[in-house]
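Architecture and fold: a report
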Amino acid sequence: MKQLRHLMSPLDFSTEELDKLFTLAEDIEKNPNKYAHACDGKKLATCFYEPSTRTRLSFESAMLNLGGQVIGFSDANSSSAAKGESVSDTIRVISCFADICAMRHPKEGAPMVAASRSSIPVINAGDGGHQHPTQTLTDLLTIRAIKGRLDHFTIGLCGDLKFGRTVHSLINALVRYSDIEFVFISPEELTIPDYIIEMLRDKKILFREVRKLEDVMPTLDILYMTRVQKERFFNEEDYVRLKDYYILDKEKMELAKSDMIVLHPLPRVNEISVEVDDDSRAVYFRQVQYGVYVRMALLLTLLEIDVHEQDRTTCN
Ligand code: CP
């Protein structure tokens, strides 16, 4: 029997497979009509046990753009999880309704448990403070499209590096490319987890940990801003004290290189002043659009749909 392919971590794809995925995403951007019926008759289930705007709606938009349909829930309380159903049982049920599932869950590892009991591909759409692989695919495609490469740069990651799952996934993915230097900018309480520091030391990858964003702005090729993750804090007082620790404004942007780019997985709270939005180096809204193309490419890849193959079958 053929092995089902899921996406739990960006490392589930080799760098060669990522290259292929990004090339497909770029072709989708250029030739959307070619893909408009690629998923006719297919259904995506979005099972979101945690709030989301971008990830859920970009998955849904991706499937609709491919001619497929979407079902799902956006709140655990409107699903049978509220009655005590396990993720394992839910995915066995969803497998009867849909061809592929994107799942977000507050518990780390929950999508992995689902994948182990599923008969359809499962995509981790964010699990607790652990991983957010499709955000990483979005980030990598954005960097590749704008910078033209995924190697040889210094990237600053700023904000909540402790709980920010997008940061953890992005570092894991970037260590496979050459000559990447990391600059971690965070308050003392929100530093990058030890297991990531150990992994970087093992791989002999250059990194620095700093507190002040201004000090490192001129050295960065990419600045990845993040919000402080309110939902992962145990008390409100700590969140209030740390939430506005970094605010990227026009003044700080003046310290940056002319071709530096600012990414943010969004949602933004206060960490980027809205005045920065008009700076051509602020690419976080373009990043959202790349998220749809890369999710379209991912759906086609996991469903093993090749539009060129479909065309040949239609012609014969
Ligand atoms: N970037 C991201 O995961 O956004 P949402 O929480 O809105 O999906």
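In what follows, the structure referred to is the one given above.
What counts and how
- Residues numbered from 1 in each chain as written.
- Predicted model: local features only at pLDDT ≥ 70, side-chain atom pairs only at ≥ 80, totals over all residues.
- Heavy atoms only, no water.
- Pairing = 2+ DSSP bridges.
- Helix = DSSP H or I, 4+ residues; strand = E, 2+ residues; numbered from the N terminus.
- Axes fitted to C-alpha atoms, helices over the stretch in contact; angles between N-to-C directions.
- Phe/Tyr/Trp six-rings, centres within 6.5 Å; stacked < 30°, edge-to-face > 60°.
- Parallel < 35°, antiparallel > 145°, perpendicular 65-115°, else oblique.
- Contact = heavy atoms within 4.5 Å.
- Core = buried A, V, L, I, M, F, W, Y, C linked by side-chain atoms within 4.5 Å.
- Buried < 20%, exposed > 50% of the residue type's maximum accessible area, 1.4 Å probe, protein only.
- Near = heavy atom within 4 Å.
- Polar contact = N/O pair within 3.5 Å; in protein donor to acceptor, adjacent residues only side chain to side chain.
- Areas by Shrake-Rupley, 256 points an atom, 1.4 Å probe, with all protein chains shown as cover.
- Nonpolar A, V, L, I, M, F, W, Y, C, P; charged D, E, K, R; others polar.
- Right-handed = clockwise from strand over helix to strand, strands pointing away.
- Left-handed = near helix turned anticlockwise from the far one by under 90°.

Concerning the sheet that holds strand β1 (residues 43-48)
Pairing within the open sheet is parallel, and its four strands lie in the order β2-β1-β3-β4. Edge strands, defined here as strands with exactly one partner in the open sheet, are β2 (69-73) and β4 (122-127). Between one strand and the next, the sheet's axes are offset by a mean angle of 15°, whatever the strand orientation.

Side note on the packing of aromatic side chains
This structure, assessed with the given rule, holds six aromatic pairs. Taking 6.0 Å as the distance between ring centres and 40° as the angle between the ring planes, the aromatic pair formed by F184 and F207 counts as tilted. You can see F184 sitting in strand β6 (residues 180-185) and its partner F207 sitting in strand β7 (residues 207-210), a full 23 residues away along the chain.

Section: the packing of helix α6 (residues 165-174) against helix α7 (residues 194-202)
Remark: α6 packs on α7, axes separated minimally by 11 Å, with the N-to-C direction vectors making an angle of 10°. On the basis of their axis angle, the class for α6 and α7 is roughly parallel. Across the interface between the two elements, H168, I171 and N172 from α6 touch Y195, I196, M199 and L200 from α7.

Section: the nonpolar core
In terms of nonpolar packing, the biggest core is built from 63 residues, with I155, L157, I171 and F182 touching the most fellow members. The element best represented in this core is helix α11 (residues 284-302), accounting for ten residues. Judged by nonpolar contacts, the second largest core, of 21 residues, contains L213, M217, L223 and M253.

Some thoughts on the site of the ligand
What surrounds the ligand is the set S52, T53, R54, T55, R104, H132, Q135, P265 and L266. In the environment of the ligand, an oxygen atom lies 2.7 Å from a nitrogen or oxygen atom belonging to the side chain of T55. Note that a nitrogen atom of the ligand is positioned 3.0 Å from one of the side-chain N or O atoms of Q135. Here the ligand, which alone exposes 260 Å², has 91% of that area covered by the protein. Residues belonging to the shell around the ligand are distributed by class as follows: two nonpolar, five polar and two charged.

A closer look at the sheet that holds strand β5 (residues 153-158)
The five strands are arranged β7-β6-β5-β8-β9 in an open sheet whose pairing can be described as parallel. Whereas interior strands pair on both sides, the edge strands pair on one side only; in this sheet they are β7 and β9 (261-263). Taken over all neighbouring pairs, the strand axes of this sheet differ in orientation by 20° on average, direction set aside. Helix α5 (residues 133-147) contacts β5, β8 (222-225) and β9 of the sheet and is inclined by roughly 165° relative to β9.

Re the pairing of β1
Most of β1 is tucked away: five of the six residues are buried. At this point the chain moves from β1, through helix α2 (residues 54-65), to the parallel β2, and the crossover so formed is right-handed. Inspection of the sheet shows β1 paired to strand β3 (residues 100-105) by five bridges, in the parallel sense. Counted as the bridge partner of F48 is R104 from β3.

Some details on the packing of helix α3 (residues 87-97) against helix α4 (residues 110-117)
Viewed as axis vectors pointing N to C, α3 and α4 meet at an angle of 50°, and their least axial separation amounts to 8 Å. In terms of orientation, α3 and α4 fall into the oblique class. Crossing angle aside, the handedness with which α3 passes α4 is right-handed. For the pair α3 and α4, the contacting residues are V87, S88, I91 and R92 in the first and A110, V113, A114 and R117 in the second. Split by residue class, the contact of α3 with α4 holds five nonpolar, one polar and two charged.

Looking at unusual backbone geometry
With an omega of 5°, the peptide bond running from L266 to P267 counts as cis. Of note, P267 is situated in the loop between β9 and α11. Of note, the phi angle at L266 is positive, near 60°, even though the residue is not glycine. Note on placement: L266 falls in the loop between β9 and α11.

Thoughts on the pairing of β3
Burial within β3 is extensive, with six of its six residues counted as buried. Burial along β3 is two-sided: the residues I100, A102 and R104 and C101, M103 and H105 are all buried. In this structure, β3 lies alongside β4, joined through four bridges in parallel fashion. The residue bridging M103 from the neighbouring strand is N124, located in β4. Chirality of the crossover, the property in question, places the unit of β3, α4 and β4 among those that are right-handed.

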